[in-house]
Amino acid sequence: MDEAQGHGRRAGGNSVKRSKRDALIAAAFQLFLERGFERTTIDDIVRLADVGRSSFFRYFPSKEDVVFPDHEGCLAEMTSFLQDSSGDEEEPVPRVCDAARLVMRMYTTNPTFAIQRYHLTKSVPALRNHELSVVRRYERTLADYLRRGFASRSDGTLRADVIAASVVAAHNNALRAWLRSGGQGDISARMDAALAFVQNSWGPEGSAATAGDSGESDDVVVLITTRKTPLWHVVRKIESTLHES
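Residues numbered from 1 in each chain as written. Predicted model: local features only at pLDDT ≥ 70, side-chain atom pairs only at ≥ 80, totals over all residues. Heavy atoms only, no water.

### Comments concerning the packing of helix α5 (residues 92–109) against helix α8 (residues 156–180)
Phase 1 of the analysis: Remark: α5 packs on α8, axes separated minimally by 10 Å, with the N-to-C direction vectors making an angle of 30°. Compared by their axis directions, α5 and α8 come out roughly parallel. The handedness of the crossing between α5 and α8 comes out as right-handed. Along its contact with α5, which presents V93, V96, C97, A100, V103, M104, Y107 and T108, the element α8 presents I163, V167, H171, L175 and W178.
Phase 2 of the analysis: Of the residues in the contact of α5 with α8, the class split is 11 nonpolar, 2 polar and no charged. (Axes fitted to C-alpha atoms, helices over the stretch in contact; angles between N-to-C directions. Helix = DSSP H or I, 4+ residues; strand = E, 2+ residues; numbered from the N terminus. Parallel < 35°, antiparallel > 145°, perpendicular 65-115°, else oblique. Left-handed = near helix turned anticlockwise from the far one by under 90°. Contact = heavy atoms within 4.5 Å. Nonpolar A, V, L, I, M, F, W, Y, C, P; charged D, E, K, R; others polar.)

Dropping the structure here:
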């Protein structure tokens, strides 16, 4: 019974912490939207949230961090997701694409907040810089996982870094298009298409694709000419041959 009571007290404490954190986030965004980010101080936020100044810094290292309150949890979830993979038995590229979908779901859980944050971040250089640092942490997490998957390859580190950057770019392309539209359309379908592009580019085993979208091999053109033939004539002949094929 004593142990159960102890768990109850701890759970209650966590509930209080969560409510204070949420109050700070709500107060911050209300003020940011009303006054602007730069004109809002931390003192303004804690006053509106009716919590102590020390409570703010218990949850957020800076004013910028309160704009991105869910990224630490999402990053931890992504790290755990990748660590739980089955290693060599699983293709690394689809796995990191699935990890990117975790970030998408974080945004779609609260579309109104996500859209407000998008417009706020666009208008404040300090927030754009902070967002870039957050995105870079996601990219490093994906790259670290891919490096382990490609450890046996001589180009493993390069391959991991390039694919991780591609996944992040594809994810951001789909997400920002959805945010710009005000949350209209099927973000899951848009994201699937963007990430499929990455997987198709790198193939089922993370190898760069060598064929076009049609699945056909690249054409090979053999042109026999004299040494004195002008280069422009050679190029035109090749282009003409390719066009005819």
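### Observations regarding the packing of α5 against helix α7 (residues 125–149)
Phase 1 of the analysis: The N-to-C vectors of α5 and α7 enclose an angle of 150°; their axes lie 10 Å apart at closest approach. Here α5 is positioned roughly antiparallel relative to α7, judged by the angle of their axes. The way α5 lies across α7 gives a crossing that is right-handed. Two secondary-structure elements touch here, α5 through P92, V93, R95, V96, A99, V103, M106 and Y107 and α7 through E131, Y138, L142, Y145 and L146.
Phase 2 of the analysis: Split by residue class, the contact of α5 with α7 holds 11 nonpolar, no polar and 2 charged.

### Topic: the packing of aromatic side chains
Phase 1 of the analysis: Here the structure, examined in full by the defined rule, presents 6 aromatic pairs.
Phase 2 of the analysis: For the ring pair F56 and F57, a centre distance of 5.4 Å and an interplane angle of 80° mean the geometry is edge-to-face.
Phase 3 of the analysis: A relative accessible area of 39% means that F57 is categorised as partly exposed.
Phase 4 of the analysis: Here F56 and F60 contribute two aromatic rings whose centre-to-centre distance is 5.7 Å and whose plane-to-plane angle is 55°, an arrangement assigned as tilted. Here F56 and F60 have matching classes, each one buried.
Phase 5 of the analysis: Members of the aromatic cluster, connected to one another through ring pairs, are F29, F32, F37 and F113.
Phase 6 of the analysis: If you follow K63 out to its NZ or CZ, it ends over the ring of F37, 4.3 Å from the centre.
Phase 7 of the analysis: Sitting over the face of the ring of F81, R95 holds its NZ or CZ atom 3.7 Å from the ring centroid. (Phe/Tyr/Trp six-rings, centres within 6.5 Å; stacked < 30°, edge-to-face > 60°. Buried < 20%, exposed > 50% of the residue type's maximum accessible area, 1.4 Å probe, protein only. Lys NZ or Arg CZ within 6 Å of the ring centre and 35° of its normal.)

### A word on the nonpolar core
Phase 1 of the analysis: Of all hydrophobic cores here, the largest spans 41 residues; its most connected members are M78, Y138, L142, L146 and V167.
Phase 2 of the analysis: Those elements that place two or more of their residues in this core are α4 (71–83), α5, α6 (111–123), α7, α8 and α9 (187–202).
Phase 3 of the analysis: Once you skip the residues sitting within four places of it in the chain, Y138 turns out to touch H71, C74, L75, M78, V103 and M106.
Phase 4 of the analysis: Grouped together as the second largest cluster of nonpolar side chains are 23 residues, A28, F56, Y59 and V124 included. (Core = buried A, V, L, I, M, F, W, Y, C linked by side-chain atoms within 4.5 Å.)

### Some thoughts on unusual backbone geometry
Phase 1 of the analysis: Even without being glycine, D50 reaches a positive phi, approximately 60°.
Phase 2 of the analysis: Looking at the secondary structure, you find D50 in the loop between α2 (42–49) and α3 (53–59).
Phase 3 of the analysis: By relative accessible area, D50 is classed as exposed at 69%.

### A few points about the pattern of salt bridges
Phase 1 of the analysis: One pass over the full model with this rule turns up 12 salt bridges.
Phase 2 of the analysis: Note that R137 is salt-bridged to E72, the shortest N-O span being 2.5 Å. Linking R137 in helix α7 with E72 in helix α4, this pair joins segments that are 65 residues apart in sequence.
Phase 3 of the analysis: Assessed through its relative accessible area of 31%, R137 is described here as partly exposed.
Phase 4 of the analysis: Exposure remark for E72: the relative accessible area of 49% places this residue in the partly exposed category. (Salt bridge = Lys/Arg side-chain N within 4 Å of Asp/Glu carboxyl O.)

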